[in-house]
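Observations on the model geometry
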Amino acid sequence: MLVTGNDILIPARAGKYAVGAFNTNDMEITQAIIHTAEKLRSPVMVQMSEGAIKYGGQDLADIVIDMAHRSSVPVALHLDHGSSYDSALKAIKMGFTSVMIDASHYPFEENVHETRRVVEAAHAMGISVEAELGRLGGIEEHVVVDEKDAFLTDPEEAVKFVEETGTDYLAIAIGTSHGAYKGKGRPFIDLVRIKRISELVAIPLVAHGSSGVPAELVQRFRDAGGEIGDAVGIADEDLQQAAQYGIAKVNVDTDLRLAMTTGVREVLKKNPKEFDPRKIFGPARDLMSQVVEHKMRVLGSVGKA
Ligand SMILES: O=C(COP(=O)(O)O)N(O)CCCCO
Ligand code: NA
Ligand SMILES: [Zn+2]
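For the protein, the name recorded in an unreviewed UniProt entry is Fructose-bisphosphate aldolase, with Deinococcus aluminii as its organism. Looking at the protein in UniProt, the text filed under Cofactor (unreviewed entry) is "Zn(2+)".

What follows is the structure, given as structure tokens:
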């Protein structure tokens, strides 16, 4: 069934598990996400960035919305990194049931103002809102403390931000970053900071930049002809700990991108004569389903639907 973000994330925070928020750009990615959620009886958030909306538009949104309506598990359609009030309102008109307004690059007061505008409009239409406080960005271990603080979400400020905006869930800057290169060795994620924020802020917390970028997938990508540097992501154990500390929504895009591309490259490399789209995108869909399954098991959302 198609539900709001609150319908999924409030139980997740209360139950100390997290729910995957997976980015989609086409039918096969959407099927991998929702079919796997149904197989594992897991709630799930399907999210589209503004780039995905530009790429797939209402056609793609309608694939998600229709599959969500027919689904046997709770599915929300979420706008990822909405950059403005207009963008958020447009997504709601398209049928999204959850929207992010990402005004985290503005000074605090402006972030509050922009976020509150979206919250008022979205709540009037029964839609949930995600906002962000702090600067997302990879933090290397060697970074000096005060520089870290400039980046990462301040717990006391988070209390004020949530009170003044009314946001339903909060994306916090905890050292993670988007993409395949999240740091060296075991990328830093500030679990102490997450715990502190969760003690002060009761709403569901959101972790961005949480792809695991598993080494075996990176190697398969290379073996199939892909070119990628020393890519590394967030450790499964760290995500499991973060879910215990109030992270309820975990964003995953890069892992799906790697899986889709690896699947396609492997077919084209192995069978140069192949030109049946189903034989090319089918295996990619299967590999993405494996990625989604692994993530749901790590986050603890299996059987929660
Ligand atoms: O936080 C994330 C996903 O982060 P990751 O790149 O770790 O999958 N997103 O918001 C997805 C869009 C960013 C581009 O990937
Ligand atoms: Na988001
Ligand atoms: Zn993000």
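That was the structure; now back to the text.
Okay, the coordination of the zinc ion (ligand 3) next. Summarising the metal site, the zinc ion (ligand 3) is bound by the protein donors His81 (NE2), His178 (NE2) and His208 (ND1), whose distances to it range over 2.0 to 2.1 Å. Here the donor residues of the zinc ion (ligand 3) share one chain and are spaced in sequence as H-x96-H-x29-H.

Our next topic: the site of ligand 1. Around ligand 1 sit 14 residues in total, of which Asp80, Lys182, Ser211, Asp253 and Thr254 are the nearest. Between His178 and ligand 1, the recorded distance is 3.1 Å, taken from a side-chain N or O atom to an oxygen atom. Contact distances for ligand 1 include 2.8 Å between an oxygen atom and a backbone N or O atom of Gly209. Relative to its unbound accessible surface of 380 Å², ligand 1 loses 91% to contact with the protein. Contributing elements (two or more residues each) for the shell around ligand 1: strand E3 (75-82) and strand E8 (247-252). Here the shell around ligand 1 is composed, by residue class, of 1 nonpolar, 10 polar and 3 charged.

Thresholds applied
Residues numbered from 1 in each chain as written. Chains lettered and ligands numbered in written order. Predicted model: local features only at pLDDT ≥ 70, side-chain atom pairs only at ≥ 80, totals over all residues. Heavy atoms only, no water. UniProt positions renumbered as here; feature names shortened; annotations may be inferred. Donors = N, O, S within 2.8 Å, 3.2 Å for Na, K, Ca; no water. Near = heavy atom within 4 Å. Polar contact = N/O pair within 3.5 Å; in protein donor to acceptor, adjacent residues only side chain to side chain. Areas by Shrake-Rupley, 256 points an atom, 1.4 Å probe, with all protein chains shown as cover. Helix = DSSP H or I, 4+ residues; strand = E, 2+ residues; numbered from the N terminus. Nonpolar A, V, L, I, M, F, W, Y, C, P; charged D, E, K, R; others polar.

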